[in-house]
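# Coordinate analysis (summary)
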Amino acid sequence: MRTSQRPPEHPDFLWADAEPKSSYDVVIVGGGGHGLATAYYLARNHGITNVAVLEKGWLGGGNMARNTTIIRSNYLWDESAAIYEHSLKLWETLEDELDTQIMFSQRGVLNLAHNLADIREGKRRVNANQLNGLDAQWLGPDEIGKLVPILDVTDRPRYPVLGGTFQPRAGIAKHDYVAWGYARAAHALGVDIIQNAQVTGFATTGERVTAVETSRGTIGLGRLALCAAGHTADLTDRLGVRLPVQSHPLQALVSELLEQVLDTVVMSNAVHVYVSQAHKGELVMGAGVDAHIGYGQRGSFHVIEEQMAAAMELFPIFARAHVLRTWAGIVDVTPDASPIIGQLPHANAYVNCGWGTGGFKATPGIGSVYADTIAEGRPHPLAVPFGLDRFTSGRLIDEHGAAAVAH
Amino acid sequence: MLRISCPHCGERDETEFHYGAESGVAYPPDPSALSDEEWAAYLFFRANPRGWFVERWFHAAGCRRWFDLERNTVTDEIRPAEVTAR
């Protein structure tokens with residue numbers, strides 16, 4: 001297991017809180033990982049530094065602080081594998097790029113198979129991944145037992161482990177450090193980061209968006225870039241644009257700090273649990289989404305209960321662990337479980353949303369791809385397949401198999 | 001856990017129900033007459049509002065009937081919708 005050093009000391013100062021100017025070349029709505037990364041790459045790769053990142057709450061306090069930090073690229077379809085692998089490659093050099101520690105740990109991600117359908121789907125995905133040059137492998141129960149000794153690979157569990165896919169280069173990172181790293185680097189290049197600025201409306205002239213109305217005043221803009229994840233539909237409703245997304249609460253939880261017992265990320269789509277152990281020692285587990293749409297950043301307890309039951313079956317050793325806290329983020333899910341990246345009907349407005357339950361892993365990748373899309377005024381080649389037009393053309397990128405709930 | 005009032009069976013746990021998203025999306029009377037845009041709108045695009053929302057639920061572990069419910073998507077408060085059983 002390769003782990004990046006010790007946690008850095010908590011810094012005193014990373015970026016300056018900006019007062020909003022009257023206008024910017026690019027206004028990014030959403031100060032999470034995607035928004036901050038987009039701002040950074042706009043400045044770094046395209047020399048566009050007159051940029052504001054508007055955050056309705058505090059920086060990185062939405063889904064960026066609520067995910068389970070899993071990073072992988074083993075998606076089924078070519079289009080997905082290409083953009084997620086682009087992201088994974090950027091993760092591999094991100095600490096040097098941002099000159100900050102993000103605790104990126106390529107400890108490998110295991111996706112378990114519990115039935116014949118899982119085995120077929122998993123092997124198909126491994127084959128597809130290998131054709132795309134990804135480091136995917138199929139492991140049998142014995143190999144999985146050696147890799148993760150605390151996992152029950154006997155035939156005792158209700159859903160026994162029959163095999164699994166493994167991507168060794170996949171892993172986890174410390175989400176807060178990623179957000180702060182991008183914020184610091186973007187700020188150093190001249191980007192304004194404006195917190196507590198909730199967007200309440202838009203001013204438009206003809207087919208252009210000319211300004212955003214916010215809780216901190218009206219801000220003019222040259223180009224608008226939405227990066228608001230689960231809250232995107234609320235913004236596009238105000239622009240008069242409909243998107244095929246549904247916002248659901250997605251829950252996760254951590255245990256108290258425990259001895260290190262797990263140095264691999266283990267996911268199981270069939271029983272709806274995914275778990276890793278953070279550097280400090282807490283078990284980080286993700287659950288499923290609530291079926292209904294919701295914006296309350298909390299989910300139903302029965303979802304957590306099912307997830308715990310599944311975790312207990314797979315990892316009997318967890319029986320004595322205590323849940324420290326649970327929370328939810330609001331994830332925007334599309335009909336094909338793939339993101340929407342590209343232009344809105346307005347001439348100078350762009351959208352990046354629909355990453356559903358799996359946006360964290362895409363942070364560097366989408367930041368660079370979205371910045372390029374905004375700077376050049378046309379979709380980046382990796383973004384082309386993810387345009388809004390695919391729902392009309394029927395060219396969906398169905399990643400429910402690779403993504404499911406455990407994205 | 002939501003407590004949902006089925007108009008036929010009374011208040012039950014959320015786990016007895018399945019979710020059906022936006023209410024009032026009727027099957028197009030002549031699907032083959034639709035343009036690609038209209039078909040996409042019917043098939044994929046559903047309202048996703050913050051606040052009060054009329055949505056469909058199916059009482060799978062009870063009367064197995066669909067009904068409408070009005071729920072606040074921020075606070076999860078529930079009140080009966082005007083239209084009920086279909």
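Predicted, not measured: the structure shown is a model, and the values here were computed from it.

Once that is clear, we can look at the interface of chain B and chain A. By a frequent convention, interface size equals the accessible area lost on bringing the separate parts together. Chain B puts 24 residues into the contact, and the matching count from chain A is 25 residues. Between chain B and chain A the total buried area reaches about 2100 Å² when both faces are included, carbon and sulfur atoms providing 54% of it. Of all residues in chain B, Phe-44, Phe-45 and Asn-48 of chain B give up the largest surface area on contact with chain A, accounting jointly for 34% of the area buried on that side. Summed over the shared surface of chain B and chain A, the number is one salt bridge. With its nearest N and O atoms 3.3 Å apart, the salt bridge here joins Glu-22 of chain B to Arg-242 of chain A. Counting the contacts that link chain B with chain A gives 13 residue pairs in polar contact (both at pLDDT 80 or more). Where the side of chain B that touches chain A is concerned, the elements lending two or more residues are β3 (18–22), α1 (36–44) and β4 (52–58) of chain B. Counting residues per element, the side of chain B that touches chain A draws most heavily on α1 of chain B, which supplies four residues. When its residues are assigned to classes, the side of chain B that touches chain A shows twelve nonpolar, four polar and eight charged.

To continue, consider the packing of helix α2 (residues 78–92) of chain A against helix α9 (residues 363–376) of chain A. Residues and elements named next belong to chain A. Running from amino to carboxyl end, α2 crosses α9 at an angle of 110°, the nearest separation of the two axes being 7 Å. Classified by the angle between their axes, α2 and α9 sit roughly perpendicular to one another. Taking contact as the criterion, the partners of Ile-83, His-86, Ser-87, Leu-90 and Trp-91 in α2 are, on α9, Thr-363, Pro-364, Gly-365, Ser-368 and Val-369. Tallied by class, residues from the contact of α2 with α9 come to five nonpolar, five polar and no charged.

Enumeration over the complete set of coordinates arrives at 17 aromatic pairs over all chains. Aromatic pair Tyr-84 of chain A and Trp-355 of chain A: ring centres 5.7 Å apart, planes at 90°, arrangement edge-to-face. A residue pair is termed long-range when its members are at least 10 positions apart, and Tyr-84 of chain A in helix α2 and Trp-355 of chain A in the loop between β18 (349–353) and α9 qualify at 271 residues. The residues Tyr-84 of chain A and Trp-355 of chain A share a single accessibility class, namely buried. Note on Phe-391 of chain A and Phe-44 of chain B: the rings are 5.6 Å apart at their centroids and 70° apart in plane angle, and the pair reads as edge-to-face. Taken together, the residues span two chains, with Phe-391 of chain A in helix α10 (residues 390–393) and Phe-44 of chain B in helix α1. Exposure remark for Phe-391 of chain A: the relative accessible area of 2% places this residue in the buried category. On the basis of relative accessible area, Phe-44 of chain B is assigned to the buried category, the value being 16%. Taken together, the ring pairs connect Phe-17, Tyr-19, Trp-57 and Phe-67 of chain B into an aromatic cluster.

Residues and elements named next belong to chain A. Compared with an ideal rise of 1.5 Å per residue, which puts 15 residues at 21 Å, α2 spans 21 Å between its outermost C-alpha atoms and is within 8% of the ideal. Taken together, the buried positions of α2 are occupied by Ser-80, Ala-81, Ile-83, Tyr-84, Glu-85, Ser-87, Leu-88 and Trp-91. For α2, the elements touching its buried residues are β3 (70–71), α3 (94–98), β6 (163–167), α6 (175–188), β17 (340–343) and α9.

The next subject is the confidence of the model for chain B. In this model, chain B carries a mean pLDDT of 92, and residues with pLDDT of at least 70 account for 94%. Our summary of model confidence lists the complex with pTM equal to 0.94 and ipTM equal to 0.93.

Quick notes on the rules
Residues numbered from 1 in each chain as written. Chains lettered and ligands numbered in written order. Predicted model: local features only at pLDDT ≥ 70, side-chain atom pairs only at ≥ 80, totals over all residues. Heavy atoms only, no water. Contact = heavy atoms within 4.5 Å. Buried area = accessible area lost by both parts, 1.4 Å probe. Salt bridge = Lys/Arg side-chain N within 4 Å of Asp/Glu carboxyl O. Polar contact = N/O pair within 3.5 Å; in protein donor to acceptor, adjacent residues only side chain to side chain. Helix = DSSP H or I, 4+ residues; strand = E, 2+ residues; numbered from the N terminus. Nonpolar A, V, L, I, M, F, W, Y, C, P; charged D, E, K, R; others polar. Axes fitted to C-alpha atoms, helices over the stretch in contact; angles between N-to-C directions. Parallel < 35°, antiparallel > 145°, perpendicular 65-115°, else oblique. Phe/Tyr/Trp six-rings, centres within 6.5 Å; stacked < 30°, edge-to-face > 60°. Buried < 20%, exposed > 50% of the residue type's maximum accessible area, 1.4 Å probe, protein only. Expected span 1.5 Å × (residues − 1). pLDDT = per-residue confidence, 0-100.

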